[in-house]
Structures are given as C-alpha cells and as structure tokens.
Amino acid sequence: MQLGDFELYLLIAGRWKADGGLMFGVVPKVLWEKQKPADANNMIDCACVGVIARVNGRVIVCETGIGTKLSEKRAQQVELREPEGLLHSLQRLGIRPEEVDAVLTTHLHWDHAGGLTRRSERGGVELTFKRARHFVQRSEWDFALHPDVRSKSGYITDDFTPLADGHKLIEFLDGDAEVMPGVHLRHVGGHTPGSQVIVLRSGELACAVVGDLVAQTPHLKVAWNMSADIEPLRVFEEKARLLEEAEKHRWLLVLSHEPDQPAGYLEEGGRWRPEPRLS
Ligand SMILES: [Zn+2]
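Residues numbered from 1 in each chain as written. Predicted model: local features only at pLDDT ≥ 70, side-chain atom pairs only at ≥ 80, totals over all residues.

Take the sheet that holds strand S15 (residues 263–266) next. If you trace the seven strands from one edge of the open sheet to the other, you get S10-S11-S12-S13-S14-S15-S16, paired in mixed fashion. Pairing within the sheet leaves two strands with one partner each, and these edge strands are strand S10 (177–180) and strand S16 (272–274). For this sheet the average axis-to-axis angle between neighbouring strands, irrespective of direction, equals 30 degrees. As judged from the five bridges shared by strand S12 (residues 196–202) and strand S13 (residues 205–209), these two strands associate in the antiparallel manner. In the sheet register, Val199 faces S13, and the bridge partner there is Ala208. (Pairing = 2+ DSSP bridges. Helix = DSSP H or I, 4+ residues; strand = E, 2+ residues; numbered from the N terminus. Axes fitted to C-alpha atoms, helices over the stretch in contact; angles between N-to-C directions.)

Given below as structure tokens:
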C-alpha cells in the first residue's frame, strides 16, 4: 500500500509458536486463552512480522525475524515454519538482498535479529544484506553482548556480531534518531535496554513498527505485557504514550508477533481495525 512517499509491504518473516506464559506474563490464562487459544503444550501461534518499505528508490527492511540458522532442536521446540520468509518476500518484490539500503530491527533478540545473518556455503556465518546500513541502539548492542542471567537465552551472538566484523555496516545510536528522511527510530527500552520503535513518516501519515512493545492484539491493553520484559513499568509508560499518539493521529501500527491481521489502526475504545491492504 502507499503511505505518502512510502510504498509498504507486509513482511511475514516466519511463523512459530511461543509459550503462552512467556507472551502474557502475569495475565491469568483464563483471560488470555479466550483470545489466543493454547495447544496441548500451552503454546500459541506467533508470526515474525515486519515491513518492507520503498521510498525514493531506496529499500528498507524493518525487522528480520528468526531466520534460518536456528538449531534443529530449537526450531522444533518453537515449531518454526517458513524461516525463509524474509528473502522470499523480497524475491516476490523483485529485490535482491544486495539491493537493500537499510535494515532496522527493533532489538537484537533471536526472533527479531536472526535474519540479519545466514549460514555461508563455507560453514561460517555471513551477513544477509551485505550493502545495507544497519541501525542499532548502542545500549542494545552492549546488553546483547553481556546479557543478565535472565536475558541470556534471548540473544544469539551469531545473529549480530558479524555486523561489526570488518564490514562496518553497523551504525550505533544513542537515543531517538532520524536515520534517513522520514525514517525515525524511537528509543523506548523496557522490553530490552535498547528496544526501539520504527516510525516511517510522510507528512501527516505514519506507520509504526512497534516491536515487542505490542506483540499481539491482546497486548494493545496497556497492562498486558510479556514476561520477558526487563522493565515492565517502562513498557506500560512507553506503550501508553505510543498508543495515545497512534489513536489520535491514526497511525498505522504493525504488531511484532500477531499471526492474523497484524497491521491496523487503534480506534476509540481500544478496538483494532485491520488494514486490508497490508494482509
Ligand atoms: Zn519478539
């Protein structure tokens, strides 16, 4: 769909399942399972959702998903499907990986940054987008390299350390930034120290790729958050601010792990109105 100067395409970079307790933290299961039914293992359906944007002849990838490097054991645990979704989506649009100009991930967790790299033919790991600029908050990078005990399983260094090896394709940010005309990164923290929301703006119009600030439609309720959040109160604060703006200015929102109709608008009373042109 066209959003001002931006041509936007919904990206489903993979499908998988996550533990319901991980997704909804302290929210009782009797409440969340009405909206997101769990299977016999308490797992619920998830997607890795992002956006591919074209603007002024440039190509921007927002979020890269799990990618293809996951061990067989972990891939089975999370019932990973369509791990090649990112490159297939680009292929369908006639875009080769080396034609991508910028890659933005909301944070460096394995289910968002996995697609930044892939296995090379020689058995090592190589960058997926060899000519793109990659923008990461410095606080996220530092934490991903030295996570606390609870966050260790959330990061896989092969996903992101090759960005700093020789290629110099990474650009570190310290807070909010406009990295290309109309392409804003808002540092929100909360879920991880360097979590950022991607806001594509053209005139009055905006699309926000919100990362795990709002993972699925039930998380549109401010107090419903993921148990992985390291600073839940900050999540509530930043989410409330973002959703207020989004409702007031009719921003298009893209939710990080919503498997059904992940792009849409927040209407009065907290109702979700999916955008049919991004489905
Ligand atoms: Zn996530």
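Here the narrative resumes, following the displayed structure.
Time to look at helix H4 (residues 85–92). Those residues of H4 lying buried are Gly85, Leu86 and Leu90. Viewed along the axis of H4, the buried residues span an arc of 135 degrees, placing them on a single side of the element. In H4, those exposed residues whose orientation departs by more than 90 degrees from the buried face are Gln91 and Arg92. Here the buried face of H4 lies against strand S2 (6–19) and strand S3 (43–55). (Buried ≥ 20, exposed ≤ 12 C-beta atoms within 10 Å, placed from the backbone. Arc of directions from axis to C-beta. Contact = placed C-beta atoms within 7 Å.)

This brings us to helix H7 (residues 232–249). Spanning 18 residues, H7 covers 26 Å between terminal C-alpha atoms, matching the ideal 26 Å at 1.5 Å per step. Residues Val235, Glu238, Lys239, Leu242, Leu243 and Ala246 constitute the buried set of H7. The arc that holds the buried residues of H7, viewed along the axis, is 130 degrees, so those residues lie on one side. The exposed set on the far side of H7, more than 90 degrees from its buried face, consists of Leu233, Ala240, Glu244 and Lys248. Taken together, the buried residues of H7 touch S12, S13, strand S14 (252–254) and S15. Positioned one or two residues after H7, Arg250 has a phi angle of 55 degrees, which is positive. (Expected span 1.5 Å × (residues − 1).)

With that settled, consider the sheet that holds S2. The seven strands are arranged S1-S2-S3-S4-S5-S8-S9 in an open sheet whose pairing can be described as mixed. On the outer flanks of this sheet lie strand S1 (2–3) and strand S9 (170–173), each paired with one strand and no other. The sheet contacts of H4 involve S2 and S3, and relative to S2 the element is tilted by about 155 degrees. Its contacts with the sheet place helix H6 (residues 138–145) against strand S8 (133–137) and S9, and it is angled at close to 80 degrees to S8.

Turning our attention to the environment of Val197. Locating Val197 in the fold gives a position in strand S12. The exposure class assigned to Val197 is buried, which follows from the 21 C-beta atoms found within 10 Å. The sequence separation of Val197 and Val183 amounts to 14 residues, and the corresponding C-alpha distance is 11 Å. Residues in contact with Val197, not counting those within four places in the same chain, are Thr106, Arg186, Val188, Ala208, Val209, Val210, Gly211, Leu213 and Leu242.

On to the environment of Leu87, then. Mapped onto the elements of the fold, Leu87 is located in helix H4. Sequence spacing of Leu87 and Glu171 is 84 residues, and the spatial spacing of their C-alpha atoms is 23 Å.

Judged by nonpolar contacts, the single largest core of 76 residues is most densely connected at Cys207, Ala208, Val210, Leu253 and Val254. The dominant element in this core, judged by the number of residues it contributes, is S3, at nine residues. With residues near it in sequence (within four places) discarded, Ala208 still touches Val197, Ile198, Val199, Leu242, Ala246, Trp251, Leu253 and Val254. (Core = buried A, V, L, I, M, F, W, Y, C linked by C-beta atoms within 7 Å.)

The next thing to look at is unusual backbone geometry. You will see that Glu82, though not glycine, has its phi angle at about 50 degrees, which is positive. Position of Glu82 among the secondary structure elements: in the loop between helix H3 (72–77) and H4. Of note, the phi angle at Gln261 is positive, near 45 degrees, even though the residue is not glycine. Here Gln261 shows up in the loop between S14 and S15.

Turning our attention to the pairing of S3. With 10 of 13 residues buried, S3 is to be regarded as a mostly interior element. In this structure, S2 lies alongside S3, joined through 11 bridges in antiparallel fashion. The residue of S3 that forms the bridge with Tyr9 is Ile52. In this sheet, strand S4 (residues 58–62) lies alongside S3 in antiparallel orientation, the contact comprising five bridges. Its bridge partner being in S4, Ala53 is matched across the sheet by Ile60. Count of turn residues in the S3/S4 antiparallel hairpin: two residues, of which Asn56 carries a positive phi of about 45 degrees.

Once that is clear, we can look at the environment of Val26. Secondary-structure assignment places Val26 in the loop between helix H1 (20–24) and helix H2 (29–32). With 197 residues separating them in the primary sequence, Val26 and Ala223 have C-alpha atoms 9.5 Å apart.

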